[in-house]
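Listed here are the chains, written in short residue letters.
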Amino acid sequence: MEFENTIGLETHVQLKTKTKMFCGCLLKTGCEPNRNVCPVCLGYPGALPVANKEAVKLTVMSGLMLGCSINRRATFDRKNYFYPDMAKDYQISENGNPLCIGGGIEITRPDGTRKFIRINHIHLEEDAAKINHYAVSSGVDFNRGGTPLMEIVSEPDMESADDAIAYLTALKEMLVYAGVSDCNLEEGNMRSDVNISIRPVGAEKLGTKVEIKNMNSFSGIHAALLHEARRQRECAAAGFPIVQETRRWDAEAMETASMRSKENAHDYRYFPEPDLVPVELSEEQIEAWRRLLPEKPEARRARMVADYGIAEYDAEVLSQHKENADWFEEAAAGLDKKTAKALCNLYMGDVMALMNASGKSIRECAMSPAALASLVKLATAGTINGPTLKELLPEIFEKGGDPEAIVKERGLGAVSDAGAIEALVDQAIAANPKSVADFKSGKKAAAGFIVGQVMKLSKGKADPKIAGRLVAERLAAAAAQ
Ligand SMILES: [Zn+2]
């Protein structure tokens, strides 16, 4: 029997706030354990939480980015469970009335087709503390306790591991774009619980779902989904029931393993949080936050292609990181399409190579967007030639400076006057009779050597195209004699 997958993701994203969700403690990584704590985030009885407005704002902005409708009156609930890293024995979350409802993301599949992945809702909650295990003991670090987390719950609209990764990639891109989270996977800023079930192709009823908890790497999620899809098919083929359970991914064994049978929602005994008032949002407030949203990456790509005449692929690479796209657009502002395209080619090639080699981002290097624009303008106008451009670029990347002033100061202006170059060609031919003889005897490569000599005589400033043409003409004439 043929089966199809049904996959849904619950993604926890750490919001980029200065302080915690329900207290004023600083959110900082790398501090000594239990440095940033207070009675609220330590879970002392009687301590009163106050909701972080910035966290509400960032969640609403995320919802607006993802096309959700915003709940004008959201409420917090207590989700009760015992865990040693949750001292008050409940987590404050939003159960019945989350901030954002609906929405979704369009993904592109490897075959180029597109699919809309719906989002069920986005709710706001607090993170638990962190348990550290030592040689003979364990300790709880409450620095992380109370971190604002937004949980984005998708509908089970994904059908493959590739779909899940495309969804997460697009989600991450948008959230980083909107500045609501760093989505740093290594630091656990973005973690997903992955739900997967299988059903016979065409069947209406969903299969029994298995949840794989707390995955923070895209490659891990991809491998876990492939493995679980295969395991469930093997169970079905062998006639074993698929059990509703939570499994964990063992990255070393490359397989999932059973953790516990799944709790149902009522196990948490949700009830309204009595210590927090509802979050009430006015239409004006929501609109004010909407105005803070950046252009969506997708729309930006299309606009960049139209505005600068650059290739779709280039627009996609540039817009993957907002910083790169912003910098490029600053540099390309006001340029005609031909120059903007030349700038894009240089950025995609030499500039990105310099970034890779130096480990510096485009904002960390010394070159300003205006300097790169000026360099490209000098080249397209023929004021400097290609070799001079390639020579100046690393220097300006490293040390900064105004290309126009540097070219003037060092006399690097290109020589494109054919008469001046002709004199140098004569000089080079006279000085290298052996190369001329080689050319006559059929060694065409000798022409390249002569061009090289002309460039050398001009101290690299001759226009290589004109030099090449003139040398070819002279040698052809000499060979015809
Ligand atoms: Zn605190």
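Shown above is the structure to which this text applies.
This section reports on the structure supplied with the text. (Residues numbered from 1 in each chain as written. Predicted model: local features only at pLDDT ≥ 70, side-chain atom pairs only at ≥ 80, totals over all residues. Heavy atoms only, no water.)

**Topic: the pairing of strand β12 (residues 190-200)**
At step 1: Extensive coverage of β12 is indicated by the burial of 10 of its 11 residues.
At step 2: Examined bridge by bridge, strand β1 (residues 3-14) and β12 share 11 bridges and lie antiparallel to one another. Bridge assignment links glutamate 10 to a residue of β12, and that residue is aspartate 193.
At step 3: With four bridges connecting them, β12 and strand β13 (residues 210-215) associate as antiparallel partners. (Buried < 20%, exposed > 50% of the residue type's maximum accessible area, 1.4 Å probe, protein only. Helix = DSSP H or I, 4+ residues; strand = E, 2+ residues; numbered from the N terminus. Pairing = 2+ DSSP bridges.)

**Some words on the packing of helix α7 (residues 312-320) against helix α8 (residues 322-332)**
At step 1: One way to put it is that α7 packs onto α8 with a least axis distance of 5 Å and a crossing angle of 115°. In contact with Leu318, Ser319 and Gln320 of α7, α8 contributes Lys322, Asn324, Ala325 and Phe328.
At step 2: Considering only residue class, the contact of α7 with α8 consists of three nonpolar, three polar and one charged. (Axes fitted to C-alpha atoms, helices over the stretch in contact; angles between N-to-C directions. Contact = heavy atoms within 4.5 Å. Nonpolar A, V, L, I, M, F, W, Y, C, P; charged D, E, K, R; others polar.)

**Focus: the packing of aromatic side chains**
At step 1: The full count for this structure, using the stated rule, is six aromatic pairs.
At step 2: Taking the centre distance of 5.4 Å and the plane angle of 85° together, the rings of phenylalanine 22 and phenylalanine 76 count as edge-to-face. Here phenylalanine 22 is found in the loop between β1 and α1 (39-42), whereas its partner phenylalanine 76 is found in the loop between β3 (73-74) and β4 (77-80), with 54 residues between them in sequence. Here phenylalanine 22 and phenylalanine 76 have matching classes, each one buried.
At step 3: A centroid spacing of 5.7 Å and a plane angle of 55° characterise the contact between tryptophan 327 and tyrosine 347, whose relative ring orientation is tilted. One end of the pair, tryptophan 327, is in helix α8; the other, tyrosine 347, is in helix α9 (residues 337-358), and 20 residues separate them in sequence. (Phe/Tyr/Trp six-rings, centres within 6.5 Å; stacked < 30°, edge-to-face > 60°.)

**Digging into the coordination of the zinc ion**
At step 1: Protein coordination of the zinc ion is provided by Cys23 (SG), Cys25 (SG), Cys38 (SG) and Cys41 (SG), with donor distances spanning 2.3 to 2.4 Å.
At step 2: Coordination geometry of the zinc ion: the four donor atoms subtend angles of 100 to 116° at the metal centre, consistent with an arrangement described as tetrahedral.
At step 3: Positions of the donor residues of the zinc ion, expressed as sequence spacing, correspond to C-x1-C-x12-C-x2-C. For the pair cysteine 38 and cysteine 41, a shared accessibility class is recorded, and that class is buried. (Donors = N, O, S within 2.8 Å, 3.2 Å for Na, K, Ca; no water. Tetrahedral: all angles 85-135°; square planar, octahedral: opposite > 155°, others 65-115°.)

**Concerning the side chain of asparagine 143**
At step 1: Of note, asparagine 143 is situated in the loop between β10 (138-141) and β11 (148-154).
At step 2: At a separation of 2.9 Å, a polar atom in the side chain of asparagine 143 contacts the main-chain carbonyl oxygen of glutamate 32.
At step 3: Within the local environment of asparagine 143, its side chain forms a polar contact with the backbone nitrogen of asparagine 36, the two atoms lying 2.9 Å apart.
At step 4: Apart from residues lying up to four places away in sequence, asparagine 143 is in contact with Lys20, Cys31, Glu32, Pro33, Asn34, Arg35, Asn36 and Val37. (Polar contact = N/O pair within 3.5 Å; in protein donor to acceptor, adjacent residues only side chain to side chain.)

**Here's the deal with the layout of surface pockets**
At step 1: Here the second largest pocket defines a volume of roughly 690 Å³.
At step 2: Lining the second largest pocket are 26 residues; nearest its centre among them are Glu106, Thr108, Glu173, Glu298 and Arg301.
At step 3: Put simply, the parts of the chain that give the lining of the second largest pocket at least two residues each are β7 (104-108), β8 (114-126), α3 (161-177), α6 (297-308) and α7.
At step 4: Take the lining of the second largest pocket: its biggest share by element is six residues, from α3.
At step 5: Counted by class, the lining of the second largest pocket contains 12 nonpolar, five polar and nine charged residues. (1 Å grid on protein atoms, 1.4 Å probe; cavity = no way out; pocket = protein on both sides within 12 Å on 5 of 7 lines; lining within 4 Å. Points joined across faces, edges and corners; volume = space filled by probe spheres on them.)

**Observations regarding the pattern of salt bridges**
At step 1: Tallying each qualifying case throughout the model produces 39 salt bridges.
At step 2: In this structure, the salt-bridge partner of glutamate 295 is arginine 303, at a minimum N-O distance of 2.8 Å.
At step 3: Judged by relative accessible area, which is 31%, glutamate 295 ranks as partly exposed.
At step 4: Classification of arginine 303 as partly exposed rests on a relative accessible area of 27%.
At step 5: Among the salt bridges present, the one from glutamate 329 reaches arginine 303, with a minimum N-O distance of 2.7 Å. On the criterion of sequence distance, the pair formed by glutamate 329 in helix α8 and arginine 303 in helix α6 is long-range, its members being 26 residues apart.
At step 6: The class of glutamate 329 is buried, set by a relative accessible area of 12%. (Salt bridge = Lys/Arg side-chain N within 4 Å of Asp/Glu carboxyl O.)

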